[in-house]
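Chain by chain, the residues:
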Amino acid sequence: METQLAQEFHVTYFDADCGRISSEIFDSLKDAERFASRNCLGEESWAVIDAVAVGHARIAA
């Protein structure tokens, strides 16, 4: 069995409309940035993007 490291992007954001902090996970930084910018519309809104290394196990055939 072989383990490969990959990266995913976690976007944590504040939705001022409902007053909640939420998060979403994306495979690409571009998608994470696009999502974050769509959710930062008002002065009270914010978003943080974290790059997270994750391991994916591969089983040799």
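One structure accompanies this document, and this report is about it. Because the structure is a prediction, the values reported are computed rather than measured. Sequence order as written defines the numbering, with residues in each chain counted from 1. The predicted nature of this model means local features are confined to residues of pLDDT at least 70 and side-chain atom pairs, given and counted, to a pLDDT of 80 or more, with totals for whole chains, interfaces and linings taken over all residues. Side-chain numbers come from the whole structure's heavy atoms, not from hydrogens or water.

**Points about the overall build of the chain**
Then, in step 1: For the chain, the helix and strand inventory stands at one helix and three strands.
Then, in step 2: Going along the chain from the N terminus, every DSSP run of H or I of four or more residues is numbered as a helix, and every run of E of two or more is numbered as a strand. Written out in order from the N terminus, the α and β elements of the chain read β-β-α-β.
Then, in step 3: Among the 61 residues that make up the chain, the fraction classed as buried is 18%.
Then, in step 4: Here a residue-residue contact requires only that any non-hydrogen atoms of the pair lie within 4.5 Å. Excluding contacts between residues fewer than 6 apart, the proportion of contacts in the chain whose partners are at least 24 apart in sequence is 56%.
Then, in step 5: Only the protein chains shown count as cover for residues, and the accessible areas themselves come from Shrake-Rupley with a 1.4 Å probe. When the accessible surface of the chain is split by element, carbon and sulfur atoms take 49% of a total near 4700 Å². Working definition: with a 1.4 Å probe on protein chains only, accessible area under 20% of the residue-type maximum means buried, over 50% means exposed, and in between means partly exposed.

**A short note on the nonpolar core**
Soluble globular proteins tend to bury their nonpolar side chains together.
Then, in step 1: Ranked by size, the top nonpolar core spans seven residues in total: Phe9, Val11, Tyr13, Phe26, Ala32, Phe35 and Ala36.
Then, in step 2: Those elements that provide at least two residues to this core are β1 (2-15) and α1 (29-38).
Then, in step 3: Filtering out sequence-adjacent residues up to four positions away, alanine 32 remains in contact with Phe9, Val11, Phe26 and Ile49. By nonpolar core is meant a set of buried Ala, Val, Leu, Ile, Met, Phe, Trp, Tyr and Cys residues that side-chain atoms within 4.5 Å join together.

**As for the side chain of serine 45**
Then, in step 1: Among the secondary structure elements, serine 45 is positioned in the loop between α1 and β3 (46-58).
Then, in step 2: What makes serine 45 buried here is its relative accessible area of 17%.
Then, in step 3: Not counting residues up to four positions away in its chain, the partners in contact with serine 45 are Phe14, Ala16, Asn39 and Cys40.

**Considerations on the side chain of glutamate 8**
Then, in step 1: By the secondary structure assignment, glutamate 8 is in strand β1.
Then, in step 2: With a relative accessible area of 19%, glutamate 8 lands in the buried category.
Then, in step 3: Residues adjacent in sequence count toward polar contacts only when both atoms are side-chain atoms; beyond that, a polar contact is any pair of N or O atoms within 3.5 Å, and within protein one must be able to donate a hydrogen and the other to accept it. Here histidine 10 takes part through its side chain, which lies 2.8 Å from a polar atom of the side chain of glutamate 8.
Then, in step 4: Not counting chain neighbours up to four residues away, the residues in contact with glutamate 8 comprise Ile25, Phe26, Asp50, Ala51, Val52 and Val54.

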